[in-house]
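One-letter residues, chain by chain:
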Amino acid sequence: MKKAFKIIGIIAAVGLIAGFLVYQFVYNKPHPDYEKEEAVYTLPAKKLYQEFKNQTDSANEKYSGKIIAVTGKLDKVVNTDSLTIGVFAFSSGMFGEEGIRCTMLPEYTKKAKALNTPTNIKIKGLCSGFNDPDVIMEHCSFNQ
Amino acid sequence: MKKTLNILAIFLLIASSVSAQRYITKNGYIRFFSSTPVEDIKAHNRQVQAALDSESGELVFKVLMKSFSFKKALMQEHFNEKFIESHKYPNSNFKGKIVNLDEINFKKDGEYPAKVEGKLTIHGVTQAIEEEGTITVKNDTAHAESQFRITVADYDIEIPSTVRKNIAKEVEVTVDCKLKKRKQ
């Protein structure tokens, strides 16, 4: 009888620990640390923009949802109510400048605002895809 | 006579293109909100493109689905991979028109009720919608705001049975876009 209680107790404890681990690491798992993640691809900003513009489907498959780093001349940094965005501009259209828009991580906004644009730079971030006519990168960081 | 008419036509064309005034933003805000007894889920997108032609009333919104951010990483994964299938349908959009354009004076600051009709495409499915909102004109900005509900099933979005109790059948959509007058 005592042994049976012991076994039930162990099973209950294991169940509780398993439940906690599932909650903590699956249900409640944190977002990736975008600053520390390694870039899957590193390429010139203009090449990325042209790939999305000319072969949107294949570029989506290749880059969307992945951490990538782009290099090139950052034309300007713009600020909205809540975001700081680095802009690589390659053409102009109905929506104004067209290119790559890199939304900075909060800890990089001050540094981005201080950039003396245009400037050559390497920016890393999560590629969210192509919101025609712009490639969108988010959670961006850089070293300069 | 024919030459005069041609000149007049060209003049009118130039005059209409000069008077056409476009308001744009690349950082509009859209929020999804789902509420059930099990949990409330919010998703925010601050990368919305919007364009409004104040002469014709034409209105366009373009949304990248992967730009929606959730508090829980797992919910964001489920949203992209299982519900909205953003690898297959990366964008959503709305194309429509303000139908009470004559009640909105873009040359005078003020808050105006706006009625909008058009086609909303989500998850590759297009539905006709009619919604109401406001447009607040201030200086060179047209601030478009609206809140409405969409039925998830109308857009062929299947919710797996394991999380069916967590996600509402109707989701509240909030639109908040500050469009700036584009210099011609």
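Residues numbered from 1 in each chain as written. Chains lettered and ligands numbered in written order. Predicted model: local features only at pLDDT ≥ 70, side-chain atom pairs only at ≥ 80, totals over all residues. Heavy atoms only, no water.

1. Thoughts on the sheet that holds strand S2 (residues 67-74) of chain A
Residue and element names in this part refer to chain A.
For step 1, the next point in the chain: Across the sheet, which stays open at both edges, the seven strands sit in the order S1-S2-S6-S7-S5-S4-S3 with mixed pairing between neighbours. Both edges of this open sheet fall to strand S1 (41-44) and strand S3 (76-79), since each of them pairs with a single strand only. Neighbour-to-neighbour, the strand axes of the sheet open up by a mean angle of 40°, direction not taken into account.
For step 2, the next point in the chain: Across four bridges, the pairing between S3 and strand S4 (residues 84-93) is antiparallel. Each bridged residue has a counterpart across the sheet, and for Val78 the counterpart in S4 is Ile85.
For step 3, the next point in the chain: Sitting on the sheet, helix H2 (residues 45-54) is in contact with S1, S2, S4, strand S5 (96-104), strand S6 (119-131) and strand S7 (134-142), with an inclination near 95° to S1.
For step 4, the next point in the chain: Lying over the sheet, helix H3 (residues 56-63) contacts S1, S2 and S6, oriented at roughly 105° with respect to S6. (Pairing = 2+ DSSP bridges. Helix = DSSP H or I, 4+ residues; strand = E, 2+ residues; numbered from the N terminus. Axes fitted to C-alpha atoms, helices over the stretch in contact; angles between N-to-C directions. Contact = heavy atoms within 4.5 Å.)

2. Comments concerning the pairing of strand S5 (residues 91-98) of chain B
Residues and elements named next belong to chain B.
For step 1, the next point in the chain: For strand S3 (residues 58-64) and S5, the ladder comprises seven bridges, and the chain directions are antiparallel. Bridge pairing in S5 places Lys62 opposite Asn93.
For step 2, the next point in the chain: For S5 and strand S6 (residues 110-122), the ladder comprises six bridges, and the chain directions are antiparallel. Across the sheet, residue Phe94 finds its bridge partner in S6, namely Leu120.

3. A few points about the interface of chain A and chain B
For step 1, the next point in the chain: At the junction of the two partners, chain A supplies 32 residues and chain B supplies 27 residues.
For step 2, the next point in the chain: Summed over both sides, the interface of chain A with chain B buries roughly 2,400 Å², with 48% coming from carbon and sulfur.
For step 3, the next point in the chain: Three residues, Tyr27(A), Phe95(A) and Asn131(A), lead the burial of chain A against chain B; their summed loss comes to 29% of the area buried on that side.
For step 4, the next point in the chain: The tally of links from chain A across to chain B stands at three salt bridges.
For step 5, the next point in the chain: Lys26(B) serves as the salt-bridge partner of Asp134(A), at 2.6 Å between the closest nitrogen and oxygen.
For step 6, the next point in the chain: Mapped by element, the contributors of at least two residues to the side of chain A that touches chain B are helix H1 (2-27), S4, S5, S6 and S7 of chain A. (Buried area = accessible area lost by both parts, 1.4 Å probe. Salt bridge = Lys/Arg side-chain N within 4 Å of Asp/Glu carboxyl O.)

4. Quick word on the pattern of salt bridges
Any two side chains of opposite charge can pair, on the condition that their charged atoms come close.
Residue and element names in this part refer to chain A.
For step 1, the next point in the chain: With the rule as written, the count across this model stands at 13 salt bridges over all chains.
For step 2, the next point in the chain: A salt bridge links Lys53 to Glu98, with the nearest nitrogen and oxygen atoms 3.8 Å apart. In this pair, Lys53 is assigned in helix H2 and Glu98 in strand S5, connecting sequence segments 45 residues apart.
For step 3, the next point in the chain: Assessed through its relative accessible area of 41%, Lys53 is described here as partly exposed.
For step 4, the next point in the chain: The partner of Glu97 in a salt bridge is Lys76, with the nearest N and O atoms 3.0 Å apart. (Buried < 20%, exposed > 50% of the residue type's maximum accessible area, 1.4 Å probe, protein only.)

5. Considering the domain arrangement of chain A
For step 1, the next point in the chain: Splitting chain A by domain gives domain 1 (1-30) and domain 2 (41-142).
For step 2, the next point in the chain: Computed over C-alpha atoms, the centres of domain 1 of chain A and domain 2 of chain A are 46 Å apart. (Domains from an automatic or database assignment.)

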